[in-house]
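# Examining the three-dimensional arrangement
Chain by chain, the residues:
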Amino acid sequence: MISPAGNATALDLYLSSSPAHDLHAPEGFKRRVEFESTLGDCSTETFIADMRRTRETFGKQSLKVETYHVIVSQTHAEADPLDMQAGLRQHEMARAFIAEAFPGHQAKLTTQRDNGRFEDAEDGSVWVPGKWHTHVQVASVSEREATLLRIGVDGAETRLHYAAGRAIDGHMKDIYHLRRTNNRVILRELGYDNAAYVEACRRHSAAARDGRPVSHLGENVTRKDYAGRADPDGPGYSAHDAVRAKLREARAVANDWDDYTDRLQASGVQTRVTGTSGVSYAWIAADGAEMKSRARGKTGLGSDYTKASVEKQCEINAAERAKGIEPTAPELIMAPPSPPTTDRPVPIYLTADGRPPWDLEFEAYAEKVRQAGETHEERARQTRSNAMDQDREKTGTSPAKADELAKATNDARRQKEANDWAQDNAERAEAEFTATKRALTEKENADPSKGRDLDHERVAEIKSLLAEGGDKAVTKKFGEAALGTPEAAKAKTQQASIRRHERELAERALTDTVPESAKQTAQAKQPTPQPRSPLRQQMIDHERKRQQGRDRDTPSR
């Protein structure tokens, strides 16, 4: 959940500026960042510089850790990945959590959902959308004094005062403090018990992995159990499965530890307490073999059958009997089946009807709007619809004809959007390409250690030969020694730069954001798919000619 950032600058670039992880997935969102904000005196664009300014102000430049990386994530049941409002709620909840967990510290929050993936299913691979999650970069040094509220496992509150310039310490990084703070914020902001939901998910995941229903989570299923269940000559369950069925029944109805052991002894199972809570069980298997096993350990029967766990369940049983409720033994299941995937837990909202609080707020707002006479947009839509109906009556235009005219208008608008997008994209890509080339040239010219004695005519010739036939073409004309000259190195560098920028242009042409309707219109313009668009090919040919002309016109030094 929290870890020190090895390189603060690299982490910031990765979270905010790197390509989306689902960029090449047809169903992906193709956006790296959905929501981004900061806490404290800093901005999303200058967070690293602002954080370092704070370190310098308090003389903490020597600290090894500049920022800490915190990840706050929600499951699909908590936040629908297709719902932008759910993502915004996730982002706002993360802001409240960081403000309480790290008071006085600058922070940058980046909410994403680009971690979708393909999963195997019976009918092939299925795309699963990414989960809403927020990456948080927290400055190690605080910019102002603050008070940290820590709540212990027993609910006791402790307040710790921190002066400005104090670095994050063990109290703030304590994982239990962070979990309790997160649970408190989720209960307040989202309206459900996160601790209970996390425990339900953990039990469900463990049960799904081990092939057990949730009620059997405290049982340890080993390889021998799986082997016994799969034995074609066996009964379909292992010796441990058989004794666990007896332990499960006794544990579910016993009043205390003595009652538990008496019930087991009656069914042929002997118990022996080891240490403070460990228990060793002995019994005779169906084939007459003497069996022994502990409750704990990798090969044990399971943590449900330690003395402490049994006594805790016995207390629950006794409390139910005191209320007049008789505990019942669970159904006899030797080898529990795997749970269905539909049993995955969902958050339980603590509202009167169990619905999310924002749904109730929206319904109340919608009813208020209806009572006030609808929204301005709805009134405008109704007025427009009435005016169109009147025009049809005056002109005698049929509804079908009116719809056809409206469709043609929309098609023309989409066509214009597609043309404008293609033109803007081409101009922006060419401008960035030219600026990058200019910057590289200026950097090379400003470096006194490079390019002083180069024969630029030879560089241009070698580059042309490399493009035609590679190293063999250069060797054939100038000899093998020419490959080791500075001119050859320069030519190879320029050729690699051109190829790299060609790839960048291709990726940009394929991945730039555009409305879906504009994309479809732009694609519809082309009667047949082409491996390289004419616009992109024209840009590449133009840039190659400019580069060759510049190399020929540059005098030798």
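Structure shown above.
Thresholds applied
- Residues numbered from 1 in each chain as written.
- Predicted model: local features only at pLDDT ≥ 70, side-chain atom pairs only at ≥ 80, totals over all residues.
- Heavy atoms only, no water.
- Helix = DSSP H or I, 4+ residues; strand = E, 2+ residues; numbered from the N terminus.
- Buried < 20%, exposed > 50% of the residue type's maximum accessible area, 1.4 Å probe, protein only.
- Areas by Shrake-Rupley, 256 points an atom, 1.4 Å probe, with all protein chains shown as cover.
- Core = buried A, V, L, I, M, F, W, Y, C linked by side-chain atoms within 4.5 Å.
- Salt bridge = Lys/Arg side-chain N within 4 Å of Asp/Glu carboxyl O.
- Pairing = 2+ DSSP bridges.
- Axes fitted to C-alpha atoms, helices over the stretch in contact; angles between N-to-C directions.
- Contact = heavy atoms within 4.5 Å.
- Phe/Tyr/Trp six-rings, centres within 6.5 Å; stacked < 30°, edge-to-face > 60°.
- Lys NZ or Arg CZ within 6 Å of the ring centre and 35° of its normal.
- Left-handed = near helix turned anticlockwise from the far one by under 90°.
- Polar contact = N/O pair within 3.5 Å; in protein donor to acceptor, adjacent residues only side chain to side chain.
- Expected span 1.5 Å × (residues − 1).
- Arc of directions from axis to C-beta.
- Patch = residues over 30% accessible without salt bridge, like charges linked within 9 Å, V, L, I, M, F, W, Y side chains within 5 Å.

## As for the overall build of the chain
- Check the secondary structure of the chain and you find 18 helices and 12 strands.
- Per-residue burial for the chain yields a buried fraction of 36% across its 557 residues.
- For the chain, the computed accessible surface area is about 33,100 Å², with 52% contributed by carbon and sulfur atoms.

## As for the nonpolar core
- Counting residues in hydrophobic clusters, the biggest one holds 26 residues, and the most contacted among them are Val70, Phe97, Ile98, Phe102, Val136 and Val138.
- Those elements giving two or more residues to this core turn out to be β3 (67-73), α3 (84-101), β4 (107-112), β7 (133-139) and α5 (175-189).
- Considering each element in turn, this core owes the most residues, 6 residues, to α3.
- Ranked by size, the runner-up nonpolar core spans 16 residues in total, among them Val243, Ala254, Leu301 and Tyr305.

## Some words on the pattern of salt bridges
- According to the stated counting rule, one finds 28 salt bridges in the structure shown.
- One salt bridge connects Glu66 with Arg52, and the closest N-O pair in it is separated by 3.0 Å. Remark: Arg52 occurs in helix α2 (residues 47-57) and Glu66 occurs in the loop between α2 and β3; sequence separation between them is 14 residues.
- For Arg52, a relative accessible area of 31% corresponds to the partly exposed category.

## Structural notes on the sheet that holds strand β2 (residues 35-39)
- Pairing is antiparallel in the open sheet, where 5 strands are placed in the order β1-β3-β7-β4-β2. Each having just a single partner strand, β1 (2-4) and β2 make up the two edges of the open sheet. Pairwise comparison of adjacent strand axes, ignoring direction, gives a mean angle of 20 degrees for this sheet.
- Bridge analysis of β4 against β7 gives 6 bridges, and the strand direction is antiparallel. Directly across from Lys108, in β7, lies its bridge partner Gln137.
- On top of the sheet, α2 reaches β3, β4 and β7; it is set at about 30 degrees to β7, its chief contact.

## Considering the packing of aromatic side chains
- If you walk through the whole model with that rule in mind, you get 5 aromatic pairs.
- Here Tyr192 and Tyr197 contribute two aromatic rings whose centre-to-centre distance is 6.2 Å and whose plane-to-plane angle is 80 degrees, an arrangement assigned as edge-to-face. In this structure, Tyr192 and Tyr197 share a single accessibility class: buried.
- A centroid spacing of 5.5 Å and a plane angle of 85 degrees characterise the contact between Tyr192 and Tyr349, whose relative ring orientation is edge-to-face. You can see Tyr192 sitting in the loop between α5 and α6 (194-210) and its partner Tyr349 sitting in the loop between α10 (307-322) and α11 (357-371), a full 157 residues away along the chain. Tyr349 shares its class with Tyr192; the two are buried.
- Every member of this aromatic cluster is reached through a ring pair, and the members are Tyr192, Tyr197, Tyr349 and Trp358.
- Over the aromatic face of Tyr14 sits the side chain of Arg32, whose NZ or CZ is 4.6 Å from the ring centroid.

## Side note on the packing of helix α8 (residues 239-253) against helix α9 (residues 257-266)
- As a packed pair, α8 and α9 sit with axes 9 Å apart at the nearest point and diverge in direction by 145 degrees. α9 is crossed by α8, and the crossing has right-handed handedness. Residues Lys246, Leu247, Ala250, Arg251 and Val253 of α8 touch α9, and the partners they reach there are Asp259, Tyr260, Arg263 and Leu264.

## Some thoughts on the side chain of Thr134
- Position of Thr134 relative to the elements: it lies in strand β7.
- Separated by 2.8 Å, the side chains of Thr134 and Thr111 make a polar contact.
- Once you skip the residues sitting within four places of it in the chain, Thr134 turns out to touch Val70, Ile71, Val72, Gln90, His91, Ala94, Leu109, Thr110 and Thr111.

## Examining the side chain of Gln106
- Assignment of secondary structure puts Gln106 in the loop between α3 and β4.
- In terms of polar contacts, Gln106 uses its side chain to reach the backbone carbonyl oxygen of Asp41, at 3.0 Å.
- Polar side-chain contacts of Gln106 include one of 2.9 Å to the side chain of Thr54.
- Excluding its chain neighbours within four sequence positions, the residues that come into contact with Gln106 are Leu39, Asp41, Cys42, Phe47, Asp50, Met51, Arg53, Thr54, Gln137, Val138, Ala139 and Glu143.

## Comments concerning α10
- Compared with the 22 Å implied by 1.5 Å per residue over 16 residues, the 22 Å span of α10 between its first and last C-alpha is a close match.
- What α10 keeps buried is the set Ser309, Val310, Cys314 and Asn317. Buried residues of α10 fall within an arc of 135 degrees about the axis and therefore sit on the same side. Those residues of α10 that are exposed and aimed more than 90 degrees away from the buried face are Lys312, Glu315 and Ala322.
- Buried residues along α10 sit in contact with α8 and α9.
- Phi turns positive one or two residues past the end of α10, at Gly324, with a value near 90 degrees.

## With respect to a nonpolar patch on the surface
- Residues Leu187, Ile348 and Leu350 make up a contiguous nonpolar surface patch of about 320 Å² in total accessible area.
- Note on Ile348: relative accessible area 63%, which makes it exposed.

## Side note on the sheet that holds strand β12 (residues 290-294)
- With antiparallel pairing, the 3 strands of this open sheet are ordered in space as β10-β11-β12. Edge strands, defined here as strands with exactly one partner in the open sheet, are β10 (269-274) and β12. In this sheet, neighbouring strand axes are inclined to one another by 20 degrees on average, regardless of whether the strands run parallel or antiparallel.
- In the sheet, β10 pairs with strand β11 (residues 278-284) via 6 bridges, with the strands oriented antiparallel. Among the inter-strand pairings, Val273 is bridged to a residue of β11, identified as Val279.
- Against the sheet, α9 makes contact with β10 and β11, and its axis sits at roughly 145 degrees relative to β10, the strand it touches most.

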